[in-house]
Structures are given as structure tokens and as C-alpha cells.
Amino acid sequence: MFKIPLRKKHDDYHVFSFQIPTPFPIGAENSYLLLGDKVTLVDTGPKTEKAWKTLIYQLNEQGFRIKDIDQIILTHQHVDHSGLLGIIKEQHPKVRIYAHPWTIPWVEKDPEFIQQKLNFFRELFSENGLSWEQIQEIEHFYSDLDRFMDPIKIDGILEDGMNPEGLRGWKVIHSPGHSLGHIVLYHEKRKILIAGDHIIGHTSAGAFVEPSIEPNEPRPKSVLAYQESLRDLRSLPLSRIYSGHGAVIDHPYEVIDNQLDRFERKKKQLEGFLVEGDFTVYELMKLTYPNRYYQHLALYFAEVIGHLDLLEIEGKVSTYKQGHIIKYHLEKSSSH
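Since the structure is predicted, the reported quantities are computational estimates derived from the model, not experimental observations. (Residues numbered from 1 in each chain as written. Predicted model: local features only at pLDDT ≥ 70, side-chain atom pairs only at ≥ 80, totals over all residues. Heavy atoms only, no water.)

Enquirer: Where do I start with the overall build of the protein chain in this structure?
Expert: A tally of helices and strands in the protein chain yields 10 helices and 12 strands. For a compact globule of 336 residues, the expected C-alpha radius of gyration is about 20 Å, and the protein chain comes in at 21 Å, within 12% of that figure. Overall, the C-alpha framework of the protein chain stretches about 65 × 40 × 35 Å when taken along its three principal axes. Of all 336 residues assigned to the protein chain, the portion counted as buried reaches 54%. For the protein chain, restricting intrachain contacts to residue pairs at least 6 apart in sequence, the fraction spanning at least 24 positions comes to 65%. (Helix = DSSP H or I, 4+ residues; strand = E, 2+ residues; numbered from the N terminus. Rg over C-alpha atoms; globule rule 2.2 N^0.38 Å. Buried < 20%, exposed > 50% of the residue type's maximum accessible area, 1.4 Å probe, protein only. Contact = heavy atoms within 4.5 Å.)

Enquirer: What exactly am I supposed to notice about unusual backbone geometry here?
Expert: Residues apart from glycine generally show negative phi values, whereas peptide bonds are mostly found in trans. Its identity as a non-glycine residue notwithstanding, K191 has a phi of 60°, on the positive side. One can find K191 in the loop between β8 (183-187) and β9 (192-196).

Enquirer: Before we go on, may I ask you to explain helix α1 (residues 49-61) in this structure?
Expert: Every α-helical turn comprises 3.6 residues, leaving residues that sit three or four positions apart pointing alike. The end-to-end C-alpha separation of α1 is 18 Å, in line with the 18 Å expected for 13 residues at 1.5 Å each. What α1 keeps buried is the set A51, W52, T54, L55, Q58 and L59. Take α1 and look down its axis: the buried residues cluster within an arc of 165°, on one side only. Facing away from the buried side of α1 by over 90 degrees, the exposed positions are E49, K50, K53 and Y57. Next to the buried residues of α1 lie β1 (15-20), β2 (29-35) and α3 (85-91). In the segment just after α1, G63 is the residue with positive phi, at about 95°. (Expected span 1.5 Å × (residues − 1). Arc of directions from axis to C-beta.)

Enquirer: Explain the side chain of D80 to me, please; I cannot follow it from the model alone.
Expert: Inspection of the secondary structure assignment puts D80 in helix α2 (residues 79-82). This buried residue, D80, is left without a salt bridge; K109 holds the nearest opposite charge, at 13 Å. Within the structure, D80 has its side chain in polar contact with the side chain of H245 (distance 3.1 Å). In this structure D80 touches T22, F24, I26, E29, G45, P46, D197 and H245, once residues within four positions along its chain are discounted. (Lys, Arg positive; Asp, Glu negative; His and termini not counted. Salt bridge = Lys/Arg side-chain N within 4 Å of Asp/Glu carboxyl O. Polar contact = N/O pair within 3.5 Å; in protein donor to acceptor, adjacent residues only side chain to side chain.)

Enquirer: Is there a simple way to think about the packing of helix α7 (residues 222-234) against helix α10 (residues 297-313) in this case?
Expert: A pair of packed helices is characterised by two quantities: the angle between their axes and the separation of those axes. Direction vectors running N to C along α7 and α10 enclose 75°, while the axes themselves pass 7 Å from each other. In this view, α7 runs roughly perpendicular relative to α10, as classed from their interaxial angle. The residues of α10 that touch α7, namely those facing V223, L224 and Q227, are A302, G306, H307, L310 and I313. Partitioned by chemical class, the residues of the contact of α7 with α10 number five nonpolar, three polar and no charged. (Axes fitted to C-alpha atoms, helices over the stretch in contact; angles between N-to-C directions. Parallel < 35°, antiparallel > 145°, perpendicular 65-115°, else oblique. Nonpolar A, V, L, I, M, F, W, Y, C, P; charged D, E, K, R; others polar.)

Enquirer: Is there a simple way to think about a negative patch on the surface in this case?
Expert: Together, E159, D160, E228 and D232 give the surface a local cluster of negative charge. Within the secondary structure layout, E159 lies in the loop between β6 (156-157) and β7 (170-174). (Patch = residues over 30% accessible without salt bridge, like charges linked within 9 Å, V, L, I, M, F, W, Y side chains within 5 Å. Areas by Shrake-Rupley, 256 points an atom, 1.4 Å probe, with all protein chains shown as cover. Charge placed at Lys NZ, Arg CZ, Asp CG, Glu CD.)

Enquirer: Looking at this structure, how should I read the sheet that holds β1?
Expert: Two strands in a sheet stick together by hydrogen bonds in their backbones, pointing the same way (parallel) or opposite ways (antiparallel). The strand order across the open sheet formed by six strands is β1-β2-β3-β4-β5-β6, and the pairing between neighbours is mixed. If you trace the sheet from one side to the other, it starts and ends with β1 and β6, each paired once. As judged from the six bridges shared by β1 and β2, these two strands associate in the antiparallel manner. Following the sheet pairing, F16 is matched in β2 by L33. (Pairing = 2+ DSSP bridges.)

Enquirer: Help me out: how do you make sense of the sheet that holds β8 in this one?
Expert: Taken in spatial order, the four strands of this open sheet run β7-β8-β9-β10, and their pairing is mixed. The open sheet is flanked by β7 and β10 (240-243), the only strands paired with a single partner. The mean inter-strand angle of the sheet, taken between neighbouring strand axes irrespective of direction, is 25°. Both β9 and β10 contribute to a ladder of four bridges, which runs parallel. If you follow I194 over to β10, its bridge partner there is Y242.

Enquirer: Before we go on, may I ask you to explain the confidence of the model for the protein chain in this structure?
Expert: Predicted coordinates in areas of low pLDDT are best not read in detail. Residues with a pLDDT of 70 or more make up 95% of the protein chain, whose mean pLDDT is 93. Ignoring residues within four places in sequence, the model shows residues 1-11, a span with pLDDT below 50, making 26 contacts including any to other chains. (pLDDT = per-residue confidence, 0-100.)

Enquirer: Whenever I open this one, the pattern of salt bridges confuses me. Can you help?
Expert: Where charged atoms from two side chains of opposite charge come close, those side chains can pair. Following the criterion strictly, the structure yields 19 salt bridges and no others. When salt bridges with common partners are traced through the structure, they connect E264, K267, E314 and K316 into a single cluster.

This is the structure:
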């Protein structure tokens, strides 16, 4: 049996937060322990010795051991949130791991999906103006990230509207955007949200481009999904958000509105560039982030193409092909 901790991390005594170090610029990742009929860990931190020791130490500090955890809920597949799954399962084989179905191929590293993903990105980056050298640079970056998470089998799925077993009062909300399989946990009575990377107080989480889980399906519009997910969450009664990074958010609507405003500002910026002519995504990346576009090509690519998706849906831009390359063109009615 686990020992009930004597001291609390937050006013919500059922929620304990652990700050797990990462080797990434975003800094520490926040994992959460939820007490209910089952002890639930939400996210884990990356697969590093420092992260593992920190998780164990912080669990022990609150009166818990790894074997007290009944289940792990994964908000999304990124390695800073999922990397310790394999080690935890090795130490505690009975723990069950849950995730959204769209997260599973990433975490289990399904070989067919990995090949599909590789082909998808090579074609997408190439037709939007990136060179083969830049595409290889992105592939090496993500290959390097792989060492922070071993493949792990998911035991059960969590979909929109489900109530996780052993967590009375909590509901799963599918919140695509930062990743397509991203989920958050909402407690309506206490008006609190475990948000993963969907909402971060001090920075924009970003909406990454991902292939569809189904082969040969059109590319999902990540920023559009993100915008819609944020609007859905904004309609909920919220008093506090526990984010995947940074401090607890006690002004939820302000943070959500700032992110929604950012979408509008970024769209206007891209419209301004397109007044001057037709551009590829890569050319627009260089105009939008002139001093840093090359530092994280995949991130800035996702930012630009995602906001171009919004403009295209609004009928403000269209595309055409020049040989193999896609160019974006501002519709005349939009430039007035």
C-alpha cells in the first residue's frame, strides 16, 4: 500500500507535480501524479539517468514508490513526455499504459508507420522548397531524439469523452494540435485541466506537422486542429491549468486568448509577405524567422505551413506547382 503524503504540492491535494529535467531547450517537463481509486502518473520525462533519478526522488519525497503507480496516461508521444515508459515498465511490469490511438504507432515505433512517416516528410519538405541536405539534417535530428525513448507497448486506449478507470471526476478530451493524438484531462467539478503541451503559459507550444495515421490520407492541418481545440477548451469552466512545462496557470483564459491572438498575428505577417509575390514555404520561413529558421527547420516549417493552411481555408491564399515545387499565391481580393 502507498503512504499518503503528509505535504502537498498544490491546493489540489490530489495533484502532485514533478519537475523532470530534460536536455532540451524547453527545460523541465512536468509529470503529474493523480490520486483516485488508482494512482495515476501523467507523462514521464525523457529516457535519461538524470530524469529517472529525479522522478524516483520526487516520488519518494511525496511518500510513493514506482510500484505504487497503477497506471500511466500519456498526453502525447514526444520523448520528453514518454521516454521513461520503458524503464518504468521494466521495474514495474504490472503498470498499465494508456494513450490516444493516434499516439500508439509513434510510441510503439511501428515499422510500417515509421517508413510511411519517412516517405511523407521527404516528399512534403522537398515539394515545399527544402534541399536534400536540409531534409537529411531534419532526419538526423529526429533520429537523435529516438535515443530518449525506447519502443513500448501501449496497454489501453483513451479517446475523447472517456473517463479513465480509477479516476472519478476526470474526463479525457482529445485536443489535437501540438500532436494529432494529444489528449488532456479535465475535472469539471474542480475546474482544472492537466494540459500536457497543449497549453503552456510562458511560450507557444507549436503545432507540429504529422502524417495521417492511415496511409495515403491527406496531410492533417495541425494549426487548424490546434485552433479549434483551444476554442473548445476555452468554452469550459476553468480555474487552473497544469501544463507540461512551466508554472501552474491560474489565468487560463488569458493564456488561451494569447495563443489564439498569435494565430491571427502570424497569418497577417504571412499575408504581408505574400503581397510582395509568390513564395515557397521555405522562402517564407526565411522571411518570418530570418535569424533562426535554420536552427530548427522542422519546427519553423510546421509554423509556416500551418498558418498558410489557415489562410488557404479562409480563401486568402492558393497554391500552384512550378515543376515539383509548391508556391503560395495571395488571392487578389485578400490584398485589398
